[in-house]
Amino acid sequence: MNITSDVVPEVQPGVFIHNSFTILSNFESANLARVKYVSKQIPGIDEDLEFHLWTNPDCGGTEFECNYKSWFYFALKGGTPGMHVRLNIVSSNNQSKMYSQGMTPVFKVDLGKTDKSSEKFCKASWSRIKEIPTYQINNNQEFVLSFSHRALKNIEATTYYAFTYPYTYTELCNSLSFYEKQFPLSSDIRENNETDIYFYRETIVKSLENRSVDLLTISSFKGISEERECRLFGLFPEDKPRSFVFKNKKVIIMSARVHPGETPSSFVMNGLIKYLVSKDEQANILRQNYVFKLIPMLNPDGVARGFYRTDTRGCNLNRFYLKPSLKLHPSIYAARSLILYHHFGYELRDELIEENSTSIFCNSSDNNDELNAKMKPTILNNDVDSFNALLKKSQSCTADSFTNKGLDSGLYLYVDFHGHASKKGIFMYGNNFDNIVDNIECMVYPTLMTINNQNFHYTSCNFSKRNMYSKDKKFGLSKEGSGRVAVLKYTGLVRSYTLECNYNTGRFVNYIPPKVNFVSERRPIQSVIPPKFTPTVFEQVGKSLAISILDLSNLNPNSRLDSSEFKSLTGLREILRSNIINDCNRTRRLGSKSTSSINIDTPITSKQFLNLKKRT
């Protein structure tokens, strides 16, 4: 059989045309670099035509180019109706493990102007392709992923293909605009009832390419004051008032899409937002007791450009939380500033701004007046050494100093959302502590997720010290700079997590116990077979994260705890304590050092339980 191969010309940026076929990469988050075709002279044998498609690596064609190439997103239009086409994604990162576990790309059909309800190939939304893709390492040692496309009868139709369910920056902006219209803020906050929903959207910072990084504040009007939060140094560029200050409410900070290709994190965030602004009784209790600060997209530039892991300077932003630069890592700088502000109740700065400036001091009554009184003269007198010494002292907070010094943090919980390619299921990474009390407390929230979400895998969670300080294989950057670990180092917050969601599926499903008022509950049919993960599955994770906070706080009037094996929060902690002791004894017998440093000899006293209760 005769075969010919040639380059498909790019007639304009992102538009490749071969005969009657048009291959498109001229839309947001698309990332094709070049296309070649393979034409077979005897049609009808296997595929009639093949296209080899190469994607741009992150920061492709710039000095920051790096070898992250798992994400792809493109479209096909035209061709002879019914023609069978083989699509080969060439030189992607080797994801053999993921595809061997049944991972499949997704597709969507846009019918165009000549929409016909009888169109055989019509698809209203994104779906996984039906065919199981094949993969191989070719003669050039390149990873090649292959799957089929059949040209549609409707010549106006366009078929989109992607690595996984896309979620673009524009989609986020449209979604947040919808919520803003749904929950407008009145000019006089006294007009609102305590139970009314408070929804406020701000631009916390602009990205390197001038896209808005959004910050959402969601709560109820209970505890609201007429004070505004600080306009933190270098942040909140728009001429818009800051969010109101809430009294006697802890703050929960959650973020997503620091890695642009990890779209499951956006769907988790969507599910969380949707639930927090719902009329559900449990959502109302959450709003009454907490202030949620959400950053839905930390890396909008990478998302818009179709990158997999980095920003436009080739940086893995989840490694720069320890010392981010406002100029180079604006969204991470903003996130850390927000975390520190709500932890301390006032603003701390890494450097002086202009001489004689007093703008770093907040007028909130929650401020630490004693520390401000000490810091203000050093700034007014331009005493940089004294200022830096005070700043260093204020930021040398660890988990032990948090506990021992009794610092009343304004933070309750921090979670950063991610996607995961290799390990199945949905799970969390937490931090590791030298004492058993903090280790138990760190494990409570992920354990609660197992009774509220059938796809959460507690057995895949990792709370090891090694996972806090291990280095990336490619660039050698340490996880110590990740949000989860950095938040612990700066604030001592025990409940600091990374949420990981596999793109494809899990290993098992949890049994979900009934709620207390189970008679009125419509019990879903629970399958024993793990489902293929979809945006709906990820959104349910967002809802489960919220409900688990109520259980963690002992505020859930319709909890599943009583019906679970744990029976209560005390019972859950006692089971965790037993498991930790057994693991430590086992590893010590085997000579492992991974958990042997944990102090397990002292039992948890009633006083320690009281301290744990105070944290909630």
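An unreviewed UniProt entry lists the protein under the name Cytosolic carboxypeptidase-like protein 5, with Aphis gossypii as the source organism. The record held by UniProt for the protein lists under Cofactor (unreviewed entry) the comment "Zn(2+)".

Quick look at the overall build of the protein now. The helix and strand tally for the protein stands at 15 helices and 22 strands. The buried share of the protein, taken over its 616 residues, is 57%. Counting contacts in the protein only where the partners sit at least 6 residues apart, residues at least 24 apart contribute 73% of the total. Carbon and sulfur atoms provide 49% of the accessible area of the protein, an area that totals close to 26,800 Å².

Using the residue numbers shown here, the UniProt feature "active site" (unreviewed entry) corresponds to E500. According to the relative accessible area criterion, E500 is buried, its value standing at 8%. When near neighbours in sequence (up to four residues on either side) are disregarded, E500 contacts H418, G419, H420, G425, I426, F427 and Y429.

What follows is about the pairing of strand 3 (residues 15-18). Both strand 2 (residues 10-12) and strand 3 contribute to a ladder of two bridges, which runs antiparallel. The residue of strand 3 that forms the bridge with Q12 is V15. Hairpin connection, strand 2 to strand 3: the antiparallel pair is bridged by two residues, and G14 has positive phi, about 80 degrees.

What follows deals with the pattern of salt bridges. Following the criterion strictly, the structure yields 20 salt bridges and no others. Two residues, R242 and E202, come together in a salt bridge whose shortest N-O distance is 2.6 Å. Here the residue R242 occupies a position in the loop between strand 16 (224-228) and strand 17 (244-246), and E202 occupies one in strand 14 (residues 197-206), the gap between them amounting to 40 residues. Both residues of the pair, R242 and E202, belong to the buried class. Taking the shortest distance from any N to any O, the salt bridge between R573 and E441 comes out at 3.0 Å. In this pair, R573 sits in helix 14 (residues 569-590) while E441 sits in helix 10 (residues 436-452), placing the two residues 132 residues apart along the sequence. The exposure class assigned to R573 is buried, which follows from its relative accessible area of 7%. Taking relative accessible area as the criterion, E441 reaches 0% and is therefore assigned buried. Three or more residues are tied together by salt bridges with common partners; here these are E180, R201, D214 and K240.

Evaluation of the coordinates by the stated rule reveals 31 aromatic pairs. When the ring of Y198 is compared with that of F244, the centres are 6.5 Å apart and the planes differ by 70 degrees; the resulting orientation is edge-to-face. Here the residue Y198 occupies a position in strand 14, and F244 occupies one in strand 17, the gap between them amounting to 46 residues. F244 carries the same exposure label as Y198, and that label is buried. Geometry around Y160 places K108 over its ring, the cationic atom sitting 5.7 Å from the centre. Sitting over the face of the ring of F244, R228 holds its NZ or CZ atom 3.7 Å from the ring centroid.

Rules used in this analysis
Within every chain, residues take consecutive numbers counted from 1 along the sequence as written. Residues qualify for local features only when their pLDDT is at least 70, as the model is predicted, and side-chain atom pairs are given and counted only at 80 or more; totals for whole chains, interfaces and linings, by contrast, use all residues. Each side-chain value is derived from all of the structure's non-hydrogen atoms; neither hydrogens nor water enter the calculation. UniProt positions are given in the numbering used here, feature names are shortened, and annotations may be inferred rather than shown by experiment. Strands here are runs of E lasting at least two residues and helices are runs of H or I lasting at least four, both read from the DSSP assignment and numbered beginning at the N terminus. Throughout, exposure labels follow a simple rule: accessible area from a 1.4 Å probe, protein chains only, divided by the maximum for the residue type, with under 20% read as buried, over 50% as exposed, and the rest as partly exposed. Note on definitions: a residue-residue contact is assigned when non-hydrogen atoms from the two residues lie within 4.5 Å. Computed with the Shrake-Rupley method and a 1.4 Å probe, the accessible areas treat only the protein chains shown as cover for residues. Strand pairing is assigned whenever DSSP identifies at least 2 bridges connecting the two strands. Criterion for a salt bridge: a side-chain nitrogen of Lys or Arg within 4 Å of a carboxyl oxygen of Asp or Glu. Between rings of Phe, Tyr and Trp, where Trp is taken as its six-membered ring, a pair exists when centres lie within 6.5 Å; planes separated by under 30 degrees are stacked, by over 60 edge-to-face, and by other angles tilted. Should the NZ of a Lys or the CZ of an Arg lie within 6 Å of a ring centre and within 35 degrees of the ring normal, that charge is described as sitting over the ring.

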